There are 2 protein chains.
Amino acid sequence: MAEQEVYRASTTAPVNIAVVKYWGKRDTKLNLPTNSSISVTLSQADLRTLTTASCSASYVGGDILVLNGEPSDVSGARTQACFRELRARRAALEAADRSLPKLSTLPLKIVSENNFPTAAGLASSAAGFAALVQAIANLYQLPDSPSELSLVARQGSGSACRSLFGGYVAWRMGDKVDGSDSKADLVAPAEHWTSMRALILVVSAAKKGVSSTSGMQRTVETSGLFKQRIDHVVPANMELMEQAIRDRNFAQFAEVTMRDSNSFHACCADTYPPIFYMNDVSRAAIRAVEAINKQADRTVAAYTFDAGPNCVVYYLEEDAPSVLGAFEPILAGSDGWKKEASAAASSDVKLDESLAAALKEGVSRVIMTGVGEGPLRTDEFLVAADGSTVLR
Amino acid sequence: MAEQEVYRASTTAPVNIAVVKYWGKRDTKLNLPTNSSISVTLSQADLRTLTTASCSASYVGGDILVLNGEPSDVSGARTQACFRELRARRAALEAADRSLPKLSTLPLKIVSENNFPTAAGLASSAAGFAALVQAIANLYQLPDSPSELSLVARQGSGSACRSLFGGYVAWRMGDKVDGSDSKADLVAPAEHWTSMRALILVVSAAKKGVSSTSGMQRTVETSGLFKQRIDHVVPANMELMEQAIRDRNFAQFAEVTMRDSNSFHACCADTYPPIFYMNDVSRAAIRAVEAINKQADRTVAAYTFDAGPNCVVYYLEEDAPSVLGAFEPILAGSDGWKKEASAAASSDVKLDESLAAALKEGVSRVIMTGVGEGPLRTDEFLVAADGSTVLR
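So, here's what we can say about the structure. Numbering of residues begins from 1 in every chain and follows the order in which that chain's sequence is written. Chain A is the first chain written and ligand 1 is the first ligand written, with later ones labelled in order. Note on the predicted model: pLDDT of at least 70 is required for a residue's local features to be given, and 80 or more for side-chain atom pairs to be given and counted; whole-chain, interface and lining totals, by contrast, use all residues. Processing note: side-chain calculations cover all non-hydrogen atoms of the structure and skip hydrogens and water entirely.

**Observations concerning helix H1 (residues 77-96) of chain B**
All names here are of chain B.
Stage number 1. Between its terminal C-alpha atoms H1 stretches 28 Å, which fits the 28 Å expected from 20 residues at 1.5 Å a residue.
Stage number 2. The classification of residues rests on relative accessible area computed with a 1.4 Å probe and restricted to protein chains. Under 20% of the type maximum is buried, over 50% is exposed, and intermediate values are partly exposed. Note on conventions: DSSP H or I runs of at least 4 residues are helices, E runs of at least 2 residues are strands, and numbering of each starts at the N terminus. Taken residue by residue, H1 has Thr79, Ala81, Cys82, Phe83, Leu86, Arg87, Arg90 and Glu94 as its buried positions.
Stage number 3. Summarising the contacts, the buried residues of H1 are in contact with strand S9 (108-114), helix H2 (125-139) and helix H3 (146-156). By this rule, a helix spans an expected 1.5 Å times one less than how many residues it contains. Two residues qualify as a contact provided that any one of their heavy atoms is within 4.5 Å of a heavy atom in the partner residue.

Below, the structure written as structure tokens:
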């Protein structure tokens, strides 16, 4: 019976790590940012969310969401906004073509899994909401472009809008009150600059810090320095970063990345009460990157930190010996190294003992990855043809 | 013979800890700051420099300076500027009254000692230059007011100008190119608000950070946020702080103190490469102060940090039970506690275990002090009547 049919579609979506940071909302309901931002999309071979969206008349009890094997609340305003927007787009298609099945009226069942441990403390909400939106868009066969879908994903989680694209991605803040121009676009595809690599030093934090959602609004409300970041620092960094990516100028890419990360964490420290995401291990990672660049006598590595102590080190494939060669000997005991790393370990870049000791003690694992593609449709399903959740 | 006479005069001078911070010079030669600042002068019973200035025709080989028993270089531009300015003022007196001995033409011998360990990492240059200038002014019998002498001390070390006064002291940045209006004045004497106390948590740093002299100029040159601090944040904080002191409003005093310290360290973190003076122990001290205020259900303590990891906690005498009572049980093993502290230890303010552990491990000693007087003339001499250094 047609009523019993289970419609389904799957996608994977990537994590992105900003090089010009998003921090601060001008509209908390619509998730409209105080500033534009730019990120690098990371390879889904290493970090990705796989999501299957399905709908069926056989589903009872409303929309459901299963994240990493656990039922998850869908009643939050952000998830509801995504469901509502996507259903409206589907309903418009159905109204225009009466032969289409009325999927917009059916309960949704979304099942999602990350291929990386949640414990790694990587902001998974970007990949998660990007995958959710793309999977439902696939299910509903929406003709919307990634940029149009990014408008929807943005309402789920701001930085999710950047995970609708691969490569080098800008989120334009826009200036319309309804947010209709606050969306992602492509600065350059991954193919433009394929040699970009990222080494993530996963730092164990004693305690979870302030959530980015509440933290960024405290910054907007209390930091005396934040206005300068929004009005002057970020607009200048956006321009320099787009130019650096266009020109594949790593030295400029690196300097803007490091300065913008510093500016963001400075605004956190200027929040009242202050917000500290970095710890002494994070700062040791900064000193290590500075030492590597000094010993290489040019800029071969850039650090950046999101709302947590983990350090993401961007570098180019050709500089792997200098960069991996400095970290690998110290952190050889940590999980996550790939074969290339030990090959590079013959580098003569050496970190001083106190830095090495701080990193060795504080880095719990590493993730080696690089620039990658945007969401990819897949035939791997987390919802079986009969509508049941696939257990893995 | 008159030529052999040794002229001498002594003074003590206090340490001051800013509550609106000095960071950045607009003129490095004249030590002119980018912004005004305010400090509390700390009691010389606990922290002071004792300096004897002497001069004699019997001295040969030029001016000399002995600091804490060690010969010290006097050829630096800053020390030379102080000697030159003070000699010029003495010479003017001598020209006006020919009966005065020509002290301005004689070699100087300055001997200086701190009553606190240099290892404590307290900025001793403020007390040191204030004592040097005041001792020579005493020797030369200069009629200059503390504010006029602060112009000279400023050229030795910027923050030294604030140690020419006791109590609550402002350094007005001034706007003249020659710096003649960049000097200290009294916001309120110690008697105005005698109950102000300071508990200094001395934090052992693995390594000396960037010196404040070079650090502040890197901030001026590279921080994208610094201009906002100078143009807007500090002027507002100056006004609020003067008002708080005038009204003896501790809650306002505390909030401005904490916010201004945060703003200063945020600008350090925004410097490129970033400057970090605080470490994880410093941040634990911030969290401890926040916890104390929360448990007291009002603001009873304020943290502030200079160019190092030490935490200075300001509080009022009447709130000693809440403040000392929270720290003393944890840090009872550290040197520096006075009897009042154990009396207060019955307080029911408790810090959580991870904070307590971080402080216990990282705080090497405490200093208990309070607001105090400016330089005091003394008959204790570090140069004997025969011109020899007094060994102690």
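**Points about the pattern of salt bridges**
Stage number 1. Put simply, a salt bridge is a Lys or Arg side-chain nitrogen that is within 4 Å of an Asp or Glu carboxyl oxygen. The final tally for this structure, using the stated rule, is 32 salt bridges over all chains.
Stage number 2. Here Arg298(B) makes a salt bridge to Asp319(B), at a shortest N to O gap of 2.6 Å. Of this pair, Arg298(B) sits in the loop between helix H7 (280-296) and strand S13 (301-304) while Asp319(B) sits in the loop between strand S14 (311-316) and helix H8 (320-331); the two residues are 21 residues apart in sequence, bridging distant segments of the chain.
Stage number 3. A residue is classified by how much of its surface remains accessible, and Arg298(B), at 47% relative accessible area, is partly exposed.
Stage number 4. By relative accessible area, which is 5% here, Asp319(B) ends up buried.
Stage number 5. Taken together, the shared-partner salt bridges in this structure form one network comprising Asp280(A), Arg283(A), Asp280(B) and Arg283(B).

**Digging into the environment of Asn249(B)**
Residues and elements named next belong to chain B.
Stage number 1. Tracing the sequence through the fold places Asn249 in the loop between helix H5 (226-246) and helix H6 (250-269).
Stage number 2. Judged by relative accessible area, Asn249 falls into the partly exposed class, the value being 27%.
Stage number 3. Distance from Asn249 to Thr378, taken between C-alpha atoms, is 34 Å for residues 129 residues apart in sequence.
Stage number 4. When near neighbours in sequence (up to four residues on either side) are disregarded, Asn249 contacts Trp193 and Ala244.

**Here's the deal with the relation of the copies chain B and chain A**
Stage number 1. Here the copies are superposed with least squares, the fitted atoms being C-alpha atoms of residues at a pLDDT of at least 70 in both. Note on the copies: chain B fits chain A at an RMSD of 0.0 Å, the axial shift is 0.0 Å, and the rotation between them is 180°. Overall, the copies show the geometry of a two-fold rotation axis. The rotation axis passes nearest to the C-alpha of Ala266(B) in chain B, at a distance of 2.2 Å.
Stage number 2. The fraction of interface residues of chain B whose copies in chain A are also interface residues reaches 100%, indicating that both copies meet through the same surface.

**Comments concerning the sheet that holds strand S11 (residues 183-188) of chain B**
Residues and elements named next belong to chain B.
Stage number 1. Here, strands pair whenever DSSP counts at least two bridges between them. Ordered in space as S2-S5-S10-S11, the four strands form an open sheet in which the pairing is antiparallel. Each edge of the sheet is formed by a strand with only one pairing partner; in this case those strands are strand S2 (16-20) and S11. Direction aside, neighbouring strands of the sheet carry axes that sit 35° apart on average.
Stage number 2. Angular values range over 0 to 180 degrees, each being the angle between N-to-C directions of two axes fitted as lines to C-alpha atoms, with helices fitted over their stretch in contact. Across the sheet, H3 is in contact with strand S10 (168-172) and S11; its angle to S11 comes to roughly 130°.
Stage number 3. Here H6 sits on the sheet and contacts S2 and strand S5 (37-41); the angle it forms with S2, its principal contact strand, is near 90°.

**Some thoughts on the sheet that holds strand S10 (residues 168-172) of chain A**
All names here are of chain A.
Stage number 1. Here we have four strands laid out as an open sheet, ordered S2-S5-S10-S11, and antiparallel in their pairing. Each edge of the open sheet is held by one strand with a lone partner, namely strand S2 (16-20) and strand S11 (183-188). The sheet shows a mean angle of 35° between the axes of neighbouring strands, direction not considered.
Stage number 2. Taken together, the four bridges between strand S5 (residues 37-41) and S10 define a ladder with antiparallel strand orientation. Opposite Ser37, over in S10, you have Trp171 as the bridge partner.
Stage number 3. Running over the sheet, helix H6 (residues 250-269) touches S2 and S5 and is turned about 90° from S2.

**Thoughts on the state of the cysteines**
All names here are of chain B.
Stage number 1. Any pair of cysteine sulfurs within 2.5 Å is marked as a disulfide. This structure, assessed with the given rule, holds zero disulfides over all chains.
Stage number 2. With no disulfide partner, Cys82 has as its closest neighbouring cysteine sulfur the one in Cys161, 11 Å distant.
Stage number 3. A relative accessible area of 0% places Cys82 in the buried class.
Stage number 4. Not part of a disulfide, Cys267 finds its nearest cysteine sulfur in Cys268, a span of 7.3 Å.
Stage number 5. Of the residues examined, Cys267 reaches a relative accessible area of 0% and is grouped as buried.

**Focus on helix H4 (residues 212-222) of chain B**
Stage number 1. Taken together, the buried positions of H4(B) are occupied by Gly215(B), Met216(B), Gln217(B), Thr219(B) and Thr222(B).
Stage number 2. For H4(B), the secondary structure elements touched by its buried residues are H6 of chain A together with strand S3 (25-27), H5 and H6 of chain B.

**A word on the packing of aromatic side chains**
Stage number 1. A pair of aromatic rings is counted whenever rings of Phe, Tyr or Trp (Trp by its six-membered ring) have centres within 6.5 Å, and the orientation is called stacked for planes under 30 degrees apart, edge-to-face for over 60 and tilted otherwise. Using the criterion set out here, one finds 16 aromatic pairs over all chains in the structure.
Stage number 2. The interplanar angle of 80° and the centroid separation of 5.6 Å between the aromatic rings of Phe253(A) and Tyr314(A) together place this pair among those described as edge-to-face. In this pair, Phe253(A) is assigned in helix H6 and Tyr314(A) in strand S14 (residues 311-316), connecting sequence segments 61 residues apart.
Stage number 3. The structure contains a cluster of three or more aromatic residues connected by ring pairs, namely Tyr168(A), Trp193(A), Phe250(A), Phe253(A) and Tyr314(A).
Stage number 4. Geometrically, a charge over a ring is one whose NZ (Lys) or CZ (Arg) sits within 6 Å of the ring centre while staying within 35 degrees of the ring normal. The ring of Phe276(B) has Arg283(A) lying over it, and the distance from NZ or CZ to the ring centre is 5.4 Å.

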